[in-house]
Amino acid sequence: MEIHQLVRPNILQMKAYSSARHEFEGEADIYLDANENPNDTGFNRYPDPLQWALKNSIAEIKQVDAEKIFLGNGSDEAIDLLIRIFCIPGVDHIMTLPPTYGMYQVSAAISDVEVKEVALTTDFQLDVTSILDKSNQHSKILFVCSPNNPTGNCMKAEDLRSLLQHFPGILVIDEAYMDFSSASSATQWLDEFSNLVVLQTFSKAWGLAGIRLGMAFANEVIIGLFNKIKPPYNINQLTQDTAYMALENLDEQENWVKEILSERERMEKELITLDCIEKVYPSDANFLLVKVSDAQAIYDFLVLDRIIVRNRSKVLLCEDCLRFTVGTPIENELLIEALIRFEELL
Ligand SMILES: *Cc1c(COP(=O)(O)O)cnc(C)c1O
């Protein structure tokens, strides 16, 4: 696919901002180019606009070339930038597949870009035929979340590949929860498909939601477009340093994931024995979608017990469903105990 043909003309034509750190990229002894304070506070210098040290470290762990990585102020920044790179307001649209993550729609609305929705199938899989039938040359981006939030399941690899082959625009696969899945990442297809963007994040398995750091993996053409329109210093020094240290300490992340997965399994087994729980959907993520007898009543009861879960019962295909994030073993136990107390009240 010729990616440049999908890009908004104003983005292709504009000249990117050139910062002091762009004009001179080598090493020197004296820096009098950026109007910084010369006194060393640890943070008196602007950070590397392209975050090479951090990207090289991510490249090694993810087995993706550093040149194929973009880092954003959360994945949410990558989602917003993608819409602004490709979608002409009032002309183009994005496609989303409800029930799914809400930010695709919000970002599109901010940019005055229309959203076309194609529901997932009742088993939360991709309706490839309907998606392709509803798409046209103005379908610039299709957002697929896998493992999907809030349903927890992965999409079938063969369906994803079929969309990569036939969808007329960019396919974004949001893998925010991939660290909790045994499926393999779509990054393995980056060399095969120029229209693929894979999103991952430091917000979930890495335990760093507070530093705001998201990753986008794509071919160099798309990464170049991200870099052209991003705010020059979008990833601050504190965030770059903190993420770099976390990557050096991979064991800790792996141990957390192991514990969360074993707790997920335990919770699945315990929840399904409760009378107020009708169904626990299989999960490839760090949460469980459960169908309950009365979602609002259980939600309200838990709030009174100072336990907050997510009420997804108003969401398409998720009627009567709550979403429970897997917490610490103690937190999970307290949730189960509260649900048992709810049942005793009935
Ligand atoms: C949590 C989540 C993200 C993470 O967004 P950040 O901006 O990186 O914190 C992205 N996509 C989905 C589907 C999520 O649930």
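On a predicted model such as this, the values are computed, not experimentally measured, just so you know. (Residues numbered from 1 in each chain as written. Predicted model: local features only at pLDDT ≥ 70, side-chain atom pairs only at ≥ 80, totals over all residues. Heavy atoms only, no water.)

As a further point, take the overall build of the protein. Helix and strand counts for the protein stand at 12 helices and 11 strands. Over its C-alpha atoms the protein spans a radius of gyration of 22 Å, differing by no more than 12% from the 20 Å that the globule rule assigns to 346 residues. Seen through its principal axes, the protein has C-alpha atoms that stretch 70 × 50 × 30 Å. Expressed as a percentage of the 346 residues in the protein, the buried residues total 51%. For the protein, the accessible surface area stands at approximately 16,700 Å², while carbon and sulfur atoms represent 50% of it. Of the charged side chains in the protein, 29 are positive and 53 negative; the average position of the first set lies 4 Å away from that of the second. (Helix = DSSP H or I, 4+ residues; strand = E, 2+ residues; numbered from the N terminus. Rg over C-alpha atoms; globule rule 2.2 N^0.38 Å. Buried < 20%, exposed > 50% of the residue type's maximum accessible area, 1.4 Å probe, protein only. Areas by Shrake-Rupley, 256 points an atom, 1.4 Å probe, with all protein chains shown as cover. Lys, Arg positive; Asp, Glu negative; His and termini not counted. Charge placed at Lys NZ, Arg CZ, Asp CG, Glu CD.)

Now for the nonpolar core. By size, the foremost hydrophobic cluster in this structure holds 45 residues, and its most contacted members are I58, L126, L142, V144, L196 and F202. When residues no more than four places from it in sequence are discounted, the contact partners of V144 are L97, L126, M155, L160, L163, L171, V172, I173 and D174. (Core = buried A, V, L, I, M, F, W, Y, C linked by side-chain atoms within 4.5 Å. Contact = heavy atoms within 4.5 Å.)

Attention now moves to the packing of aromatic side chains. Tallied over the entire structure, the rule returns 8 aromatic pairs. When the centroid spacing of 4.3 Å and the interplanar angle of 5 degrees are considered together, the rings of F70 and F226 count as stacked. Of this pair, F70 sits in strand β1 (residues 69–72) while F226 is found in helix α8 (residues 220–229), placing the two residues 156 residues apart along the sequence. The ring of W52 has K55 sitting right over it, with the charged end atom 4.9 Å from the ring centre. Directly above the ring of F287 sits R323, whose terminal nitrogen or CZ lies 5.5 Å from the centroid. (Phe/Tyr/Trp six-rings, centres within 6.5 Å; stacked < 30°, edge-to-face > 60°. Lys NZ or Arg CZ within 6 Å of the ring centre and 35° of its normal.)

With that settled, the discussion passes to the packing of helix α11 (residues 295–304) against helix α12 (residues 329–345). The packing of two helices is summarised by the inter-axis angle and the distance between the axes. Contact pair α11 / α12: the axes reach a minimum separation of 10 Å and the direction vectors enclose 120 degrees. The angle between α11 and α12 falls in the class oblique. When you trace α11 past α12, the crossing you get is right-handed. Contact residues: A297, I298, F301 and L302 in α11; L335, A338, L339, R341, F342 and L345 in α12. Of the residues contributing to the contact of α11 with α12, the split by class is 9 nonpolar, no polar and 1 charged. (Axes fitted to C-alpha atoms, helices over the stretch in contact; angles between N-to-C directions. Parallel < 35°, antiparallel > 145°, perpendicular 65-115°, else oblique. Left-handed = near helix turned anticlockwise from the far one by under 90°. Nonpolar A, V, L, I, M, F, W, Y, C, P; charged D, E, K, R; others polar.)

It is worth spelling out the pairing of strand β7 (residues 214–217) at this point. Of the two faces of β7, the one lined by G214 and A216 and the one lined by M215 and F217 are each fully buried. Relative to β7, β1 runs antiparallel, the two sharing 4 bridges. Residue G72 lies in a different strand from β7, and its bridge partner there is G214. The sheet contact formed by strand β6 (residues 196–201) and β7 spans 4 bridges and is antiparallel. Within β7, the position partnered with Q200 by the bridge is M215. (Pairing = 2+ DSSP bridges.)

Every buried residue of helix α3 (residues 52–62) is accounted for by L54, K55, S57, I58, A59 and K62. The inward-facing, buried residues of α3 contact β1, β6, β7 and α9 (237–248). Phi turns positive, to about 55 degrees, at Q63, one or two residues after α3.

Moving on, we come to the sheet that holds strand β4 (residues 139–145). Strands sit in the order β1-β7-β6-β5-β4-β2-β3 across an open sheet of 7 strands; the sheet is mixed. The sheet is open, and its two edges are formed by β1 and β3 (114–117), each paired on a single side. Along the sheet, successive strands turn relative to each other by an average axial angle of 25 degrees, direction set aside. Helix α4 (residues 75–86) contacts β1, β2 (93–96), β4, β5 (170–174), β6 and β7 of the sheet and is inclined by roughly 160 degrees relative to β4. Along the sheet face, α8 touches β1, β5, β6 and β7 and points at about 30 degrees away from the line of β1.

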